[in-house]
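Summary of structural features
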Amino acid sequence: MSSPIVITGMGMISPLGCGVKPVWERLTAGQSGIGLIDRFDTDEFPIKIAGLVPGIEQDTEAGFDIEPLIEKKERKKLDLFTIYAIAAAEEALQQAQWFPKSEDDKQATATIIATGIGGFPTITQAQKTLDSRGYKRLSPFTVPAFLANLAAGNVSIRYGFKGPLGCPVTACAAGIQAIGDGMRIIRNGEAEVALVGGAEGCVEPLALAGFHALKALSTESEHPTRASRPFDRERNGFVMGEGAGLMVIETLEHALNRGAKPLAILSGYGTSADAYHITSGPEDGSGAAAAMRRALKMAGLQPGDINYVNAHATSTPVGDNAEIASLRNVFGEALPQIPVSSTKSATGHLLGAAGGIESIFTALAVINDTLPPTLNLQSVEDSIQDLDFVPNTARSQTTQHALCNGFGFGGVNAGLIVSKI
């Protein structure tokens with residue numbers, strides 16, 4: 001039997017702050033990272049809230065501090081999603097203590113960092129420059145900054161990782177698919193260690209206006225922290241967030257041989273396509289259910305073995321309902337006994353980075369036997385009142401196996417199962 005794949009390091013940049021430990025403490029304390037947008041004028045703009053990564057000047061305990069991370073002259077060459085990926089990578093690699101020096105170890109390290117949108121802010125700014133100042137004023141770093149694989153590329157260059165390099169760009173399933181791709185690469189013998197997850201940084205007018213045109217975003221502004229409310233009867237759209245969540249994964253045998261501490265097991269992964277509609281899944285949730293069943297099969301588990309589900313649930317009525325249908329499809333009559341929560345209630349929806357940070361939250365639920373809450377859940381919709389959504393307050397519960405879901409436009413579905421060591 002092959003050695004299990006384990007997590008040995010985790011790194012996070014999120015609207016709740018930076019660093020896995022403070023973010024987890026804030027999440028389980030019921031705090032929200034959603035607030036008013038202060039990066040551009042929203043007076044005449046329909047969307048006024050987002051889950052923004054706090055700066056060190058706003059949050060002295062866990063704010064984002066770019067100064068020690070990237071030299072000033074280098075920042076102009078990087079889009080925000082890449083900067084967030086570099087920061088999350090540094091934390092994950094420090095915890096894993098994986099800074100390979102030998103050529104063999106460098107060749108054996110894969111870098112798979114997903115994104116849903118990539119360097120969108122760089123593109124929109126370049127278009128403004130082109131329109132107002134002409135083509136001669138464009139930076140030569142425009143294209144290398146906005147390309148989706150450049151988070152993975154820059155991290156690989158920074159640390160000398162010479163193994164497989166990849167970037168799933170599968171909308172909001174991308175972060176989980178990056179982890180699944182890393183698992184496959186290790187299983188196939190193409191690498192021994194993989195840095196995997198997702199990064200996103202596109203809270204800017206065009207991205208927000210585009211999602212608003214789809215009627216996908218919440219227009220709440222009076223009470224930002226209450227706007228993201230998955231499963232609640234009054235939910236009216238998702239709140240866009242930003243950040244990065246990355247983990248170092250390797251076989252248990254490799255981790256133990258080098259003296260690393262295994263944190264949790266990645267026991268199952270599955271992915272599927274709805275083949276149905278570009279923005280919404282089938283009402284019966286059959287496509288998402290297929291991904292979950294594949295994850296269970298890889299893990300060698302039965303549906304009843306799952307103790308907790310970190311739902312994709314974004315706070316859109318159509319999406320939340322489809323996911324519940326998929327969960328009923330998989331878990332049947334056992335579902336009311338399985339706690340399900342959505343951490344997007346606290347962070348907003350990080351698009352391609354969602355699966356990265358939510359997989360870490362799922363791992364932490366297993367490691368700490370603590371279930372993060374679904375915030376703002378005051379009035380559950382009638383059709384789902386039989387289910388346990390861990391409303392508003394974290395809960396202590398022994399958790400052996402937990403499932404994390406991620407679904408995206410185009411009909412892509414992904415599920416990851418994290419198990420206790």
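These remarks concern the structure in this document.

What counts and what doesn't
- Every residue gets a number counted from 1 within its own chain, in the order that chain's sequence is written.
- Since the coordinates come from a predicted model, pLDDT governs what is reported: local features require at least 70, and pairs of side-chain atoms require 80 or more to be given and counted, while whole-chain, interface and lining totals use all residues.
- Heavy atoms from the whole structure form the basis of all side-chain values; hydrogens and water molecules are not counted.
- Numbering of helices and strands runs from the N terminus; a helix is a DSSP stretch of H or I covering at least four residues, while a strand is a stretch of E covering at least two.
- Using C-alpha atoms as the atom set, the radius of gyration is obtained and then compared with a globule rule of 2.2 Å times the number of residues to the power 0.38.
- Relative accessibility under 20% of the residue-type maximum defines a buried residue, over 50% an exposed one, and the middle range a partly exposed one, all with a 1.4 Å probe and only protein chains included.
- Contact between two residues is taken to exist if any of their heavy atoms lie within 4.5 Å; hydrogens are not considered.
- In this tally Asp and Glu are treated as negative and Lys and Arg as positive; neither His nor the chain ends contributes.
- Here the site of a charge means NZ on Lys, CZ on Arg, CG on Asp, or CD on Glu.
- Any two strands between which DSSP finds at least two bridges are classified as paired.
- Excluding any residue in a salt bridge, patches collect residues exceeding 30% relative accessible area, merging like charges within 9 Å and nonpolar Val, Leu, Ile, Met, Phe, Trp and Tyr side chains within 5 Å.
- Accessible surface is estimated by sampling points in the Shrake-Rupley manner with a 1.4 Å probe; for residues, cover comes only from the protein chains shown.
- The rule for a salt bridge is simple: a side-chain nitrogen of Lys or Arg has to be within 4 Å of a carboxyl oxygen of Asp or Glu.
- Residues enter a nonpolar core if they are buried and are Ala, Val, Leu, Ile, Met, Phe, Trp, Tyr or Cys, with the set joined through side-chain atoms within 4.5 Å.
- For a helix, the expected span equals 1.5 Å multiplied by the residue count minus one.
- The aromatic pairing rule takes the rings of Phe, Tyr and Trp, using the six-membered ring of Trp, and pairs them if the centres are within 6.5 Å, calling planes under 30 degrees apart stacked, those over 60 edge-to-face and the rest tilted.

Here we take up the overall build of the chain. What the chain contains, in helices and strands, is 14 helices and 15 strands. Scaling as 2.2 N^0.38, a compact globule of 421 residues should have a C-alpha radius of gyration of about 22 Å, and the chain matches this with 20 Å. Oriented by its inertia axes, the alpha-carbon framework of the chain measures out at about 65 × 55 × 45 Å. Residues counted as buried form 59% of the 421 residues belonging to the chain. Considering only contacts within the chain whose residues lie at least 6 apart along the sequence, 78% involve residues at least 24 apart. Once the 33 positive and 44 negative side-chain charges of the chain are each reduced to a mean point, those two points are 5 Å apart.

When you tally the buried positions in strand β5 (residues 109–114), you get six out of six residues, the bulk of the element. Residues Thr 109, Thr 111 and Ile 113 line one face of β5 and the alternating positions Ala 110, Ile 112 and Ala 114 line the opposite face, and both faces are buried. Direction of pairing for β5 relative to strand β7 (residues 193–200): parallel, over a ladder of six bridges. Residue Thr 109 lies in a different strand from β7, and its bridge partner there is Val 193. Looking at chain direction, β5 and strand β6 (residues 165–166) are connected through two bridges and run parallel. Note that in β6 the partner of Thr 111 across the bridge is Leu 165.

This paragraph deals with the pairing of strand β9 (residues 264–273). Burial of β9 is extensive: eight of the 10 residues sit out of reach of the surface. As judged from the eight bridges shared by β9 and strand β15 (residues 412–419), these two strands associate in the antiparallel manner. Residue pairing for β15: Gly 270 is matched across the bridge by Gly 415.

Where nonpolar side chains cluster on the molecular surface, the patch consists of Leu 130, Tyr 135 and Leu 138 and spans about 300 Å² of accessible area. Within the secondary structure, Leu 138 is located in the loop between α5 (120–133) and α6 (142–146). Residue Leu 138 is classed as partly exposed on the basis of its relative accessible area, which comes to 32%.

Looking now at the nonpolar core. Counting 50 residues, the largest nonpolar core has Ile 7, Met 10, Met 247, Ile 249 and Leu 266 as its most contacted members. Among the elements that make up this core, the one with the highest residue count is helix α14 (residues 354–368) (eight residues). Discounting residues that sit within four places of it in the chain, Ile 7 has contacts with Met 247, Val 248, Ile 249, Lys 261, Pro 262, Leu 263, Ala 264, Leu 266 and Ala 363. By size, the runner-up hydrophobic cluster in this structure holds 32 residues, among which are Ile 66, Ala 92, Ile 113 and Val 248.

Our next topic: helix α3 (residues 80–96). For α3, spanning 17 residues, the distance from its first C-alpha to its last is 24 Å, which sits close to the expected 24 Å at 1.5 Å a residue. Where burial is concerned, most of α3 is hidden: 12 out of the 17 residues are buried. Residues Phe 81, Thr 82, Ile 83, Tyr 84, Ala 85, Ile 86, Ala 87, Ala 88, Ala 89, Ala 92, Leu 93 and Ala 96 constitute the buried set of α3. Looking at the buried side of α3, the elements it contacts are β1 (5–14), β5, α6, α7 (150–159), β7 and β8 (243–251). Looking at the residues trailing α3, positive phi occurs at Gln 97, about 55°.

Attention now moves to the environment of Ala 126. Relative to the helices and strands, Ala 126 is located in helix α5. Residues Ala 126 and Gly 241 lie 115 residues apart in sequence; the distance between their C-alpha atoms is 23 Å. Every residue in contact with Ala 126, bar those within four places of it in the chain, is listed here: Leu 138 and Thr 142.

Here we take up the packing of aromatic side chains. The full count for this structure, using the stated rule, is eight aromatic pairs. With a centroid separation of 6.5 Å and 35° between ring planes, the pair formed by Trp 24 and Phe 361 is classed as tilted. Taken together, the positions of Trp 24 in helix α1 (residues 20–28) and Phe 361 in helix α14 put the pair 337 residues apart, joining distant regions of the chain. For the residue pair Trp 24 and Phe 361, the accessibility class agrees, reading buried in each case. Taking the centre distance of 5.6 Å and the plane angle of 20° together, the rings of Tyr 159 and Phe 161 count as stacked. Chaining the aromatic ring pairs together yields one cluster made of Phe 99, Tyr 159 and Phe 161.

Taken as a whole, this structure holds 17 salt bridges when the rule is applied. Among the ionic pairs, Arg 39 bridges to Glu 242, the shortest N-O distance being 2.5 Å. Here Arg 39 is found in the loop between β3 (35–36) and β4 (49–50), whereas its partner Glu 242 is found in the loop between α9 (205–213) and β8, with 203 residues between them in sequence. When its relative accessible area of 0% is taken as the criterion, Glu 242 is described as buried. Between Glu 250 and Arg 258 there is a salt bridge, with the nearest N and O atoms lying 2.8 Å from each other. On the accessibility criterion, Glu 250 (0% relative accessible area) is buried. Of the residues examined, Arg 258 reaches a relative accessible area of 26% and is grouped as partly exposed. Members of the salt-bridge network, linked through shared partners, are Arg 26, Asp 59 and Glu 61.

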